[in-house]
Every structure is written in C-alpha cells, then in structure tokens.
Amino acid sequence: MADQEEEWVYDEASGEWRPASEIAAANTVEVRDAAGNLLADGDSVVLVKDLKVKGAGQTLKQGAVIRTIRLTDNPDEIDCRHDTIKGLVLRTEFVRKR
C-alpha cells in the first residue's frame, strides 16, 4: 500500500517511470575534500594552501577557516563566504574538512 502513495517520476534517460526517491538517490553526488572526507552543506573547511583570489586582489592564507559552505552541482567546487570576499567559489582540492 505504501508504494501507491509514493510519487513517481518519468526518467527521460531510461524512458521509464520510477519512484521519486530512487531518482533522488541516483542524483546525489558525493563531494569530498582534499583528504577524502565527505562534505555537506553547512560544514566548515580549512584551506590547505595559500590561494590568490582573482578579482579581489588578495590572498587567502593556508589554515584560513571558511564557515558554512554550500555544495554546488559541480562536485569539484563549493560556494562559500569569507569575511572580506562575498560569492567565493573554491575547488575542493584546496580545502580540508574542519
């Protein structure tokens, strides 16, 4: 009876109707930091090397803490905010989960 209450979605890739929960599980992407730790929205990360920020004319130093990250559609990038830089996008290869 529970199967009848579940929402079904047409999957264009396979041409079949599938449960929405199955589609959502297939679309989740694992985002990992430089050390291989799994990242999630809201995590804090630490920079593993100095990074020159294009357009801001400054350098973020190794060990700087970035709080409250957001995952993007790209598993190699995260959105974050720094005290002095808004709209910062970092590559996951340069951060480590705190």
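Residues numbered from 1 in each chain as written. Predicted model: local features only at pLDDT ≥ 70, side-chain atom pairs only at ≥ 80, totals over all residues. Heavy atoms only, no water.

### What to know about the sheet that holds strand S10 (residues 77-80)
Quick note on the threshold: Two strands pair if DSSP finds at least two bridges between them. Helix and strand assignments come from DSSP, with helices taken as H or I runs of at least 4 residues and strands as E runs of at least 2, each series counted from the N terminus.
Within the open sheet, the three strands sit side by side as S9-S10-S11. Their pairing is antiparallel. Strands at the two margins of the open sheet, each flanked by one partner only, are strand S9 (70-71) and strand S11 (88-91). In this structure, S10 lies alongside S11, joined through four bridges in antiparallel fashion. Bridge pairing in S11 links Cys 80 to Leu 88.

### As for unusual backbone geometry
We note that Thr 68 has phi near 55°; this positive angle belongs to a residue other than glycine. Assignment of secondary structure puts Thr 68 in the loop between strand S8 (65-66) and S9.

### Points about the nonpolar core
Cut-off, in case you're wondering: Side-chain atoms within 4.5 Å link the members of a nonpolar core, which is a set of buried Ala, Val, Leu, Ile, Met, Phe, Trp, Tyr and Cys residues. Burial classification: accessible surface area is computed with a 1.4 Å probe over protein chains only, and a residue below 20% of its type maximum counts as buried, one above 50% as exposed, and the rest as partly exposed. Pairs of residues are marked as contacts when any of their non-hydrogen atoms sit within 4.5 Å.
Ile 78 and Leu 90 are the most contacted members of the largest nonpolar core, which has 16 residues in total. Residue assignment for this core shows that the elements contributing at least two residues are strand S5 (45-47), strand S6 (51-53), S10 and S11. Every residue in contact with Ile 78, bar those within four places of it in the chain, is listed here: Val 31, Leu 39, Val 45, Ile 69, Arg 70, Leu 71, Thr 72, Leu 88, Val 89, Leu 90, Thr 92 and Val 95.

### Some thoughts on the side chain of Arg 18
For the record, the criterion: Nitrogen and oxygen atoms within 3.5 Å of one another constitute a polar contact, given that in protein one can donate a hydrogen and the other can accept it, and given that sequence-neighbouring residues count only through two side-chain atoms.
Along the chain, Arg 18 turns up in strand S2 (residues 16-19). One polar contact links Arg 18 to Asp 11, side chain to side chain, over a distance of 2.6 Å.

### Brief notes about the sheet that holds S5
Strand order across the open sheet formed by three strands is S8-S5-S12, with antiparallel pairing between neighbours. Single-partner strands in this sheet number two, and they are S8 and strand S12 (95-97). Inspection of the sheet shows S5 paired to S8 by two bridges, in the antiparallel sense. Across the sheet, residue Val 46 finds its bridge partner in S8, namely Val 65.

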